[in-house]
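Structure at a glance
Residue strings, one per chain:
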Amino acid sequence: EPEVTQTPSHQVTQMGQEVILRCVPISNHLYFYWYRQILGQKVEFLVSFYNNEISEKSEIFDDQFSVERPDGSNFTLKIRSTKLEDSAMYFCASGGNSGNTIYFGEGSWLTVV
Amino acid sequence: AQSVSQHNHHVILSEAASLELGCNYSYGGTVNLFWYVQYPGQHLQLLLKYFSGDPLVKGIKGFEAEFIKSKFSFNLRKPSVQWSDTAEYFCAVMNSGAGSYQLTFGKGTKLSVIP
């Protein structure tokens, strides 16, 4: 079964550093997403991406965050200057032609110290 | 803004017991509804989904869910749980009527099945 894959599985970074989380969505999918889950809290939507541009974003997705699909296969989330409160599990997800069935990757656990 | 409520934080059952996990959502328009499961150390996996049609939907591993529009509910059921069903279960809603593909999740219900 096709999967969404994410790297790294775990990253520890110092506050203020830039972080890039990488994702390879399912190959024929057109919709791409990032969600995050702070420990003990809900899974929260960050951003969706379709046709090479952001289609929706939440209030969490401020100027510190950006997404990119640099080469047609990878989908990245960049956090420009990490804060302690950015520590969370970040899930990449992708959806097919209609976008309304979403499949998640295993997550990248980010710890900001 | 829409919200999703899962009333049970932690449910403990013995094997072979029946399961029902509650999920209510707040949005009154057209929605797509989902249940995801997260086994320990693994990613979110889609259990089942409802878009339209028969309000009783069947998913993988013997799970089913019933959409009751008048109650804004989408409860997950399984007649007989197994130890391997130990996991966290998340209800999620998509506001399809607004053309949004954003999922709003509930807080999750942790299920522990005792052998």
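This is a predicted model, so every value here is computed, not measured.

A few points about the layout of surface pockets
Where empty space is left becomes clear once a probe the size of a water molecule has been rolled over the atoms. Reported here for the largest pocket is a volume of approximately 540 Å³. Together, 23 residues line the largest pocket, and Gln37(A), Leu39(A), Gly40(A), Gln38(B) and Glu88(B) are the ones closest to its centre. Breaking the lining of the largest pocket down by element, the ones donating at least two residues are β9 (88–95) of chain A together with β10 (87–94) and β12 (109–114) of chain B. Split into classes, the residues belonging to the lining of the largest pocket amount to 9 nonpolar, 9 polar and 5 charged.

Here's the deal with the interface of chain A and chain B
Taken together, the contacts link 18 residues of chain A with 19 residues of chain B. For the chain A and chain B pair, buried surface summed over both sides reaches about 1700 Å², with 59% attributable to carbon and sulfur atoms. Where chain A meets chain B, there are 0 salt bridges. Viewed at the interface, chain B and chain A are joined by 4 residue pairs in polar contact (both at pLDDT 80 or more). Put simply, the parts of the chain that give the side of chain A that touches chain B at least two residues each are β4 (31–37), β5 (43–50) and β10 (102–104) of chain A. The leading source of residues in the side of chain A that touches chain B is β4(A), at 4 residues. Residue classes in the side of chain A that touches chain B are distributed as 9 nonpolar, 6 polar and 3 charged.

Side note on the state of the cysteines
Residues and elements named next belong to chain A. Under the counting rule described, the total for this entry stands at 2 disulfides over all chains. Covalently, Cys-23 is tied to Cys-92 through a disulfide, its sulfur atoms 1.9 Å apart. Because the torsion about its S-S bond is -70°, the bridge between Cys-23 and Cys-92 counts as left-handed. Within this pair, whereas Cys-23 is found in strand β3 (residues 19–24), its partner Cys-92 is found in strand β9, the two being separated by 69 residues in sequence.

Thoughts on the packing of aromatic side chains
If you walk through the whole model with that rule in mind, you get 21 aromatic pairs over all chains. Centroid distance Tyr50(B) to Phe74(B): 6.5 Å. Interplanar angle 50°. Geometry classified as tilted. In this pair, Tyr50(B) sits in strand β6 (residues 44–50) while Phe74(B) sits in strand β9 (residues 73–78), placing the two residues 24 residues apart along the sequence. You'll find Tyr50(B) and Phe74(B) in the same group, each marked buried. Taken together, the ring pairs in this structure connect Tyr33(A), Tyr35(A), Phe45(A), Phe91(A), Phe104(A), Phe34(B), Tyr36(B), Phe51(B), Phe90(B) and Phe105(B) into an aromatic cluster.

Calculation criteria
Chains are numbered independently. Their residues run from 1 in the order of the written sequence. Both sets of labels track the order of writing: A upward for chains, 1 upward for ligands. Thresholds applied to this predicted model are a pLDDT of at least 70 for local features of residues and 80 or more for the giving and counting of side-chain atom pairs; totals over whole chains, interfaces and linings are not thresholded and use all residues. The basis for the side-chain values is all heavy atoms of the structure; hydrogens and waters are excluded. A 1.4 Å probe that fits but cannot get out identifies a cavity on a 1 Å grid over protein atoms alone, an open set with protein on both sides within 12 Å along at least five of seven lines counts as a pocket, and a residue lines either if it has an atom within 4 Å of a point. Grid points are joined across faces, edges and corners, and a volume is the space filled by probe spheres set on the points. Labels follow the DSSP assignment, with helices taken as runs of H or I lasting at least four residues and strands as runs of E lasting at least two, numbered in each case from the N terminus. Gly is put with the polar residues, along with every residue not named as nonpolar or charged; the nonpolar set is Ala, Val, Leu, Ile, Met, Phe, Trp, Tyr, Cys and Pro, and the charged set is Asp, Glu, Lys and Arg. Whether two residues touch is decided by their heavy atoms; if any such pair falls within 4.5 Å, the residues are in contact. Put simply, buried area is how much 1.4 Å-probe accessible surface two parts lose in total, over both of them, once they are put together. Any carboxyl oxygen of Asp or Glu within 4 Å of a side-chain nitrogen of Lys or Arg constitutes a salt bridge here. Side-chain atoms alone can form a polar contact between residues adjacent in sequence; in general such a contact is a pair of N or O atoms within 3.5 Å, and within protein one must be able to donate a hydrogen while the other accepts it. The rule for a disulfide is simple: a pair of cysteine sulfur atoms within 2.5 Å. A pair of aromatic rings is counted whenever rings of Phe, Tyr or Trp (Trp by its six-membered ring) have centres within 6.5 Å, and the orientation is called stacked for planes under 30 degrees apart, edge-to-face for over 60 and tilted otherwise. Classification of residues uses two cut-offs on accessible area relative to the type maximum, computed with a 1.4 Å probe and protein chains only: under 20% is buried, over 50% is exposed, and between them is partly exposed.

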